[in-house]
Amino acid sequence: MMQHDRSGLRGQRGRFVEVEGDRAQINAEFGEKQMSTVRPSAVKAWTAKLKALGYETSYVYALHARLSQIFGDAVLDGVLVRSPCSKRTSPPIGKQKVYCATTPQIWAIHAAMPENMRSAILLGAFSGLRLAEACGLDRDRDVDYVNGIVHPRRQWPAKPLKTPGSEAPIPIPHMMATMLLESVQRWPGQQVVTDEFGAP
């Protein structure tokens, strides 16, 4: 008797058995089969069936990755000679869903941050700056606190911006400009975003 337990899949003699979560999908297809009898064509047919049933491409890809991990562990443990999963059986990865935080969520993150780091949240959420661009802002040259304009000029520590259009001036709300000004006055340093001692 062999206990195959490396991937959280418990079985005897290389059989699949029911486990929690997404792996139930794997067991629905392969649960009664000996691992050694599963062929690449069966894996491809399974992912095609899942897609035809209306599952998201990214979910089907994740299920295949989980199945591949299980077979890979079985090979590593000497239960199988080779895995039926490969790049040839893998479905497309699918497009990642874009998640945009709501305005209340942004302000909740802002409130949860150490006070000296809150300017980074404002710059990322409301001006669209990348992390390195926000960290590279010079407090005296790159922010017009009176007119509410951010002028990205470089990435931290002293690298050029990623794209030619990145240096375009970014208008920001008056309230945000005021909050940034209060931050740089409270934590004086060369950059807008600093630690509690004013260092970058």
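Refer to the structure printed above.
Note that this is a predicted model, so its numbers are computed, not measured. (Residues numbered from 1 in each chain as written. Predicted model: local features only at pLDDT ≥ 70, side-chain atom pairs only at ≥ 80, totals over all residues. Heavy atoms only, no water.)

Novice: Whenever I open this one, the overall build of the protein chain confuses me. Can you help?
Specialist: From N to C terminus, the protein chain includes seven helices and three strands. Put simply, the protein chain runs from its N terminus to its C terminus through helices and strands in the order α-α-α-α-α-α-β-β-β-α. Burial analysis of the protein chain (200 residues in total) assigns 36% to the buried set. Put simply, 46% of the contacts in the protein chain that link residues at least 6 apart link residues at least 24 apart. Carbon together with sulfur atoms contributes 57% to the accessible area of the protein chain, which is approximately 12100 Å² in total. (Helix = DSSP H or I, 4+ residues; strand = E, 2+ residues; numbered from the N terminus. Buried < 20%, exposed > 50% of the residue type's maximum accessible area, 1.4 Å probe, protein only. Contact = heavy atoms within 4.5 Å. Areas by Shrake-Rupley, 256 points an atom, 1.4 Å probe, with all protein chains shown as cover.)

Novice: Sorry if this is basic, but what is going on with the packing of helix 2 (residues 40-52) against helix 3 (residues 57-76) here?
Specialist: Axis angle and axis distance: for two packed helices, these are the angle between their axes and the distance between the axes, and together they describe the pair. In contact at an axis separation of 9 Å, helix 2 and helix 3 are set at 150° when each is read in the N-to-C sense. Considering their axes alone, helix 2 and helix 3 lie roughly antiparallel with respect to each other. As for the relative orientation of helix 2 and helix 3, their crossing is right-handed in sense. Facing helix 2, whose interface residues are Val-43, Trp-46, Thr-47, Leu-50 and Lys-51, helix 3 presents Thr-57, Val-60, Leu-63, His-64 and Leu-67. Broken down by class, the residue content of the contact of helix 2 with helix 3 amounts to six nonpolar, three polar and one charged. (Axes fitted to C-alpha atoms, helices over the stretch in contact; angles between N-to-C directions. Parallel < 35°, antiparallel > 145°, perpendicular 65-115°, else oblique. Left-handed = near helix turned anticlockwise from the far one by under 90°. Nonpolar A, V, L, I, M, F, W, Y, C, P; charged D, E, K, R; others polar.)

Novice: Whenever I open this one, the packing of helix 4 (residues 103-112) against helix 5 (residues 118-126) confuses me. Can you help?
Specialist: It is the contact of helix 4 with helix 5, at a shortest axis distance of 8 Å, that shows an interaxial angle of 160°. Judged on the interaxial angle alone, helix 5 and helix 4 are roughly antiparallel. Of the two possible hands of crossing, helix 4 and helix 5 adopt the one that is right-handed. Contacts between helix 4 and helix 5 involve Ile-106, Trp-107, Ile-109, His-110 and Ala-111 from the first element and Arg-118, Ile-121, Leu-122, Ala-125 and Phe-126 from the second. Class assignment of the residues belonging to the contact of helix 4 with helix 5 gives a composition of eight nonpolar, one polar and one charged.

Novice: Would you mind going over the sheet that holds strand 1 (residues 143-144) with me for this structure?
Specialist: Backbone-to-backbone hydrogen bonds pair the strands of a sheet. The strands run either parallel or antiparallel. With antiparallel pairing, three strands are arranged side by side in an open sheet as 1-2-3. Pairing within the sheet leaves two strands with one partner each, and these edge strands are strand 1 and strand 3 (170-171). Pairing analysis gives two bridges linking strand 1 to strand 2 (residues 149-150), with the strands arranged antiparallel. Within the sheet, the bridge partner assigned to Val-143 lies in strand 2 and is Val-150. (Pairing = 2+ DSSP bridges.)

Novice: Explanation requested: the nonpolar core in the structure shown.
Specialist: Nonpolar side chains tend toward joint burial in soluble globular proteins. The biggest cluster of nonpolar side chains holds 17 residues, and the ones touching the most others in it are Leu-123, Leu-129, Leu-137, Val-150, Ile-172, Leu-180 and Val-192. Elements that contribute at least two residues to this core include exactly helix 5 and helix 7 (174-186). Looking at this core element by element, the count peaks at four residues for helix 7. Setting aside residues up to four positions removed in sequence, Val-150 forms contacts with Leu-123, Leu-129, Leu-137, Asp-142, Ala-168, Pro-169, Ile-170 and Ile-172. Counting residues in hydrophobic clusters, the runner-up holds 15 residues, among them Phe-30, Met-35, Trp-46 and Leu-80. (Core = buried A, V, L, I, M, F, W, Y, C linked by side-chain atoms within 4.5 Å.)

Novice: What exactly am I supposed to notice about the pattern of salt bridges here?
Specialist: When the charged atoms of two side chains lie near each other, side chains of opposite charge can form a pair. Applying the stated criterion to the full structure yields six salt bridges. A salt bridge links Glu-133 to Arg-130, with the nearest nitrogen and oxygen atoms 2.8 Å apart. Under the relative-accessibility criterion, Glu-133 is labelled buried at 4%. One salt bridge in this structure joins Asp-142 and Arg-154, with 3.6 Å as the shortest N-O distance. In this pair, Asp-142 is assigned in the loop between helix 6 (131-135) and strand 1 and Arg-154 in the loop between strand 2 and strand 3, connecting sequence segments 12 residues apart. Classification of Arg-154 by relative accessible area gives buried; the value is 17%. Linked through salt bridges whose partners overlap, the residues forming this network are Asp-142, Arg-153 and Arg-154. (Salt bridge = Lys/Arg side-chain N within 4 Å of Asp/Glu carboxyl O.)

Novice: Honestly, the packing of aromatic side chains in this entry has me stumped. Any pointers?
Specialist: Geometry of an aromatic ring pair is reported as the spacing of the ring centres plus the angle between the planes. Evaluated as defined, the whole model comprises three aromatic pairs. Look at Tyr-55 and Tyr-59: their rings are 5.6 Å apart centre to centre, the planes differ by 40°, and that puts the pair in the tilted class. Tyr-55 sits in the partly exposed class, given a relative accessible area of 29%. (Phe/Tyr/Trp six-rings, centres within 6.5 Å; stacked < 30°, edge-to-face > 60°.)

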